[in-house]
Structure formats: structure tokens, C-alpha cells
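Residue-level structural notes
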Amino acid sequence: MLPIARAAGVPAPPMVAFFTSVSAICVTGLVLVDTGTYWSVFGQVTIMVMFQLGGFGMMTAATLLGLMVNRSPRLRTRLVTQTETRSLWVGDISSVAKLVLGVTALSQLIIGALLTLRLRIGHDMAWGDAAWTGFFHAVSAFNNAGFSIHPDGFMRYASDALILLPVMIAAVVGGIGFPILNDLRDRCRDPRHWSLHTKLTLAGTLVLVVSGFFAILLFEWDNAKTFGPLSIADKLLNSLFMSASARTVGFNTVDIAALTPETWALHYFLMFVGGGSAGTAGGVKVGTVMILVLLVIAEAKGHTDTEAFGRRVGASAQRQAITVMVVGSVIVAAGTIALLRISHFPTDQVIFEVIAAFGSAGLSTGITDDLPPSGQFVLALLMFFGRVGTITLATSLVIGERRMPYRYPEEHPIVG
């Protein structure tokens, strides 16, 4: 709210400052005002620092919580579990923080430098403007923050693969999750010994990106307001970018409000799922969905165990996945009902906005700044719950897990 943070030199309204702060810390990207023109350089730097801390802090916290969960008091059990999960332990906290910091800094420096060179050479920006624009978007992309200092997002770069591809890479690296990066670093050439978490997340990410790519291409191919005027190569590029971006980075190369209803519906699912665990992405996480898919497949086949890649998924992980999915769905449903009660916008737009806030996606159909203050506060709560709620819930379930000294007689209620 400091006058120096605003381009006009006067304090920002409390709700604008609060909403922007929550969106930055929760690396969501929903905004009430245009970041590039409303805020001064000081304000933009402040926002970038917030989503850098939000992304780095959540990566570190989620990783360390995971290490706490996997800790076992018995050395033999710890060694067996370490061998099976390929996980680090609480004693490696310093190395964990160093690795996360190293990956963060290296990725952002490389992507920022590539974007700077492209903006200077390909778009005739002055070196200072190119550097600031390049590094701001590199940090935003890696942290899956979705903040852009361009009023039209990435629409001006819709035909520039040298801008869109580095941004996609930064978003994937930041959102895939630190445990996977650590696994790939140690066993890059030995995929057979990757942890089950790594295999499930990578497989799920690949399926989501590829299926989203083809679906968006199909739904938007002839849409005169989005892909219609583009060349075939640009349609392919933008479809891939949109498929990757929908899973929480939140950058757009076309007008989101002009998308077909089918593409909106696809975005509901992609934004709700999000990225990998212990990364900068939001959502209920790819691993959660993959466990539920395996559970359904096992049940359909009549198998008593849920299996994948020669491993059995533990019962506690299945319960956690179900709980996270149910709680996430309840939060989205409650937020939708609240916004429908508060505002006058159509249901499909409200659902899009709610899931974008909960999934830290940052995409918007353009109704965020038109919502009443109470509606904007609801979105702020959704951003907070979506960013820290499911991680906290899943961790608390494991830490609080205990065996009961007795078991009740078993009975089978009717299902379905």
C-alpha cells in the first residue's frame, strides 16, 4: 500500500493490495489491476519477491514435511524405506535446501537470459527493458506464479516459439516437484530404479499434457477468436503452451474469455489437478489423481492390491489421495456456491474462476476485478486453501496416523 509501490504515486486501495499480496505469496497470478501499468518498478519488484518466496518457500516446506513424514524410529525400517522410496532424510535438511536453491537459481538465470536475448534481438527492446521483462517472467514461470507485466499476458508472443518454449520448460521444471528432480539427478540413466512417485508423476504429467494438447487443438482449431487466424505451426505451438499453462502457471496466449465451452471444461480438470507434489504448482497434484486412477483400475479388475510398475501402493497413500480429492472438491463446490450467491456472473465463469484460484492457475475469464469485495475475499481464501490446504492436510494425516488397539467387526454397506 506504500505510495512508492504504485505508478500513480498514491496508496493502493486495501483490497487491491491484499488480493495482490495473497495472489503473489500463493503463486496464483489472479489480479485486480494490470501489474505492468498499475504498479511502479518498486511495486513490481515487491510482487516478484513475494512470489519468489512463495514458490521457493513452498518447495522447501513441502519437501521437508515429506522428509518428516517418511522418518522412522527404527534404523532397519529407515534403511528399507530409503531403499524403496529413494528418499532423503531429516538429516539432509541442509543439502535439501541447497539443492532446491540451486535448481531455482540456475533455472531462472538460464531462462531469464534466454528470454532477455530473444526480447532484445527479436523484439527490439532496450537491454534494460528486455532484462527486466525476461527475468520477471522467468521467475514467474518457474514459480508457476502467472504474473505478467504485459496487459495482454503472452498474447503478443503467440507466434514466438523462442519465448513460449523456455517459459514452458521453466514452468515444468518448477512444477514437477523437488523429489522428482532429486530422483532424476541421482538416477537419470537408470529409470528402472526411479521411485514409484517419480514414475507416476512423470507418466501422469505426460498424459495430461499430450491429451490436453490434442483436445485444445480440436476444440479451438476453427475458433475465429482464438486459433482460427493462426497458422498450423502456431496452432500446434499455442495448443501445447495452453495445455502446459493450464496446469497452474497461468499464462495465456489467447483471450481466455473467447475459448469454447469445451476448452473451459477441459481447463476445469487441468487446473484442479495441477502439478507435482513438493513443487511450485498447485492443485490436488498429479500423484493424487494417478493413485485414484490405479485404485479404480484395481477395483474394476477385482484385484485386492493397487499396483503399478511392479510396486504396490500402500493403503495409507490411497486413503490420503481420496481425502485430498474429496476435500479439494468440497472447497471448490463451497467457493462456487458462495460466489454464485454474491455475484451475478454465469455459472461456467464462476466455476472457472474458483478452480483457477484453488488450483493456483491464475487464468481468468475477466470477471475477477468486477466481483464485489466480498467475492474477491472469497477468491483470496480459495487461493490460500488451495496453496497450503491439501499439503497440510495430507501431511497431518500421515503424522497423525496411529494404530488402534482394537478393530470393530467388519460389515459391507451397499456401494453404487
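Quantities reported herein were computed from a predicted structural model and do not represent experimental measurements.

**Observations concerning unusual backbone geometry**
- Of note, Val 27 is a non-glycine position whose phi angle comes to about 40°, a positive value.
- With respect to the element layout, Val 27 can be found in the loop between α1 (14-25) and α2 (35-38).
- With a phi angle near 55°, Asp 124 is a residue other than glycine that sits in the positive phi range.
- Given a relative accessible area of 66%, Asp 124 falls into the exposed group.

**A closer look at the packing of aromatic side chains**
- According to the stated counting rule, one finds 14 aromatic pairs in the structure shown.
- Note on Tyr 38 and Trp 39: the rings are 4.9 Å apart at their centroids and 75° apart in plane angle, and the pair reads as edge-to-face.
- The class of Tyr 38 is buried, set by a relative accessible area of 16%.
- Both rings, one in Phe 272 and one in Phe 358, keep their centres 5.8 Å apart while their planes meet at 25°; by these two values the pair is stacked. Of this pair, Phe 272 sits in helix α11 (residues 261-273) while Phe 358 is found in helix α14 (residues 347-358), placing the two residues 86 residues apart along the sequence.

**Some details on the UniProt feature "transmembrane region" (unreviewed entry) in the chain**
- In this numbering, the UniProt entry assigns the feature "transmembrane region" (unreviewed entry) to residues 12-33, 45-69, 96-117, 161-181, 202-221, 268-300, 321-342 and 377-399.
- The span residues 202-221 carries 95% helix and 0% strand; its end-to-end C-alpha distance comes to 28 Å.

**Examining a nonpolar patch on the surface**
- Taken together, the side chains of Phe 18, Phe 377, Leu 381, Phe 384 and Phe 385 make up a nonpolar region of the molecular surface, amounting to roughly 440 Å² of accessible area.
- The biggest single contributor to the nonpolar patch is helix α15 (residues 373-399), with 4 residues.
- On the secondary structure map, Phe 385 appears in helix α15.

**As for the confidence of the model for the chain**
- Scored by pLDDT, the chain has a mean of 86; 87% of the residues are at 70 or more.
- Considering only residues more than four positions removed or in separate chains, one finds that residues 72-87, a stretch of pLDDT under 50, has 16 contacts.

**Structural notes on helix α13 (residues 315-342)**
- If you check α13, its first and last C-alpha atoms are 41 Å apart, about what 28 residues at 1.5 Å a residue would give, namely 40 Å.
- Of the residues making up α13, those classed as buried are Gln 318, Gln 320, Ala 321, Val 324, Met 325, Gly 328, Ile 331, Val 332, Gly 335, Thr 336 and Leu 339.

**A word on the environment of Asp 152**
- Along the polypeptide, Asp 152 turns up in the loop between α6 (127-142) and α7 (161-175).
- Classification of Asp 152 by relative accessible area gives partly exposed; the value is 26%.
- Linking Asp 152 and Asn 252, residues 100 residues apart in sequence, is a C-alpha distance of 8.2 Å.

**Some points on the nonpolar core**
- Among the nonpolar cores identified, the biggest contains 72 residues, and Trp 39, Phe 51 and Met 383 are the most heavily contacted of them.
- Residue contacts for Trp 39: discarding those within four places in its chain leaves Ala 5, Arg 6, Ala 7, Ala 12, Val 16, Ala 17, Thr 20, Val 33, Asp 34, Gln 44 and Ile 47.
- The next biggest cluster of nonpolar side chains, apart from the first, holds 28 residues, and it includes Met 125, Ala 141, Leu 164 and Ala 171.

**Structural notes on the side chain of Thr 20**
- If you trace the backbone, Thr 20 turns up in helix α1.
- By relative accessible area, which is 4% here, Thr 20 ends up buried.
- What Thr 20 contacts, discounting residues up to four positions off in sequence, is Trp 39, Ile 47 and Phe 147.

Here is what the cut-offs are and how they apply
- One numbering rule holds for all chains: residues counted from 1, following each sequence as written.
- Thresholds applied to this predicted model are a pLDDT of at least 70 for local features of residues and 80 or more for the giving and counting of side-chain atom pairs; totals over whole chains, interfaces and linings are not thresholded and use all residues.
- Based on all heavy atoms of the structure, the side-chain values leave hydrogens and waters out of the count.
- Secondary structure counts use DSSP, requiring at least four H or I residues in a row for a helix and at least two E residues in a row for a strand, with both numbered from the N terminus.
- Relative accessibility under 20% of the residue-type maximum defines a buried residue, over 50% an exposed one, and the middle range a partly exposed one, all with a 1.4 Å probe and only protein chains included.
- Pairing of aromatic rings covers Phe, Tyr and Trp, the last counted by its six-membered ring, and requires centre-to-centre distances within 6.5 Å; plane angles under 30 degrees mean stacked, over 60 mean edge-to-face, and any other angle means tilted.
- UniProt positions are given in the numbering used here, feature names are shortened, and annotations may be inferred rather than shown by experiment.
- The patches reported here contain residues having more than 30% relative accessible area and no salt bridge. Joining distances are 9 Å for like charges and 5 Å for nonpolar side chains (Val, Leu, Ile, Met, Phe, Trp, Tyr).
- To measure how exposed things are, a 1.4 Å probe is used in the Shrake-Rupley method; for residues, cover is taken only from the protein chains shown.
- Whenever a carboxyl oxygen of Asp or Glu lies within 4 Å of a side-chain nitrogen of Lys or Arg, that contact is scored as a salt bridge.
- For every residue, the pLDDT score states the predictor's confidence, bounded by 0 at the bottom and 100 at the top.
- The contact definition used throughout considers only heavy atoms, calling two residues in contact when any of these lie within 4.5 Å.
- A helix's residues, less one, multiplied by 1.5 Å, set its expected span.
- Among buried residues, the Ala, Val, Leu, Ile, Met, Phe, Trp, Tyr and Cys ones that are joined through side-chain atoms within 4.5 Å form a nonpolar core.

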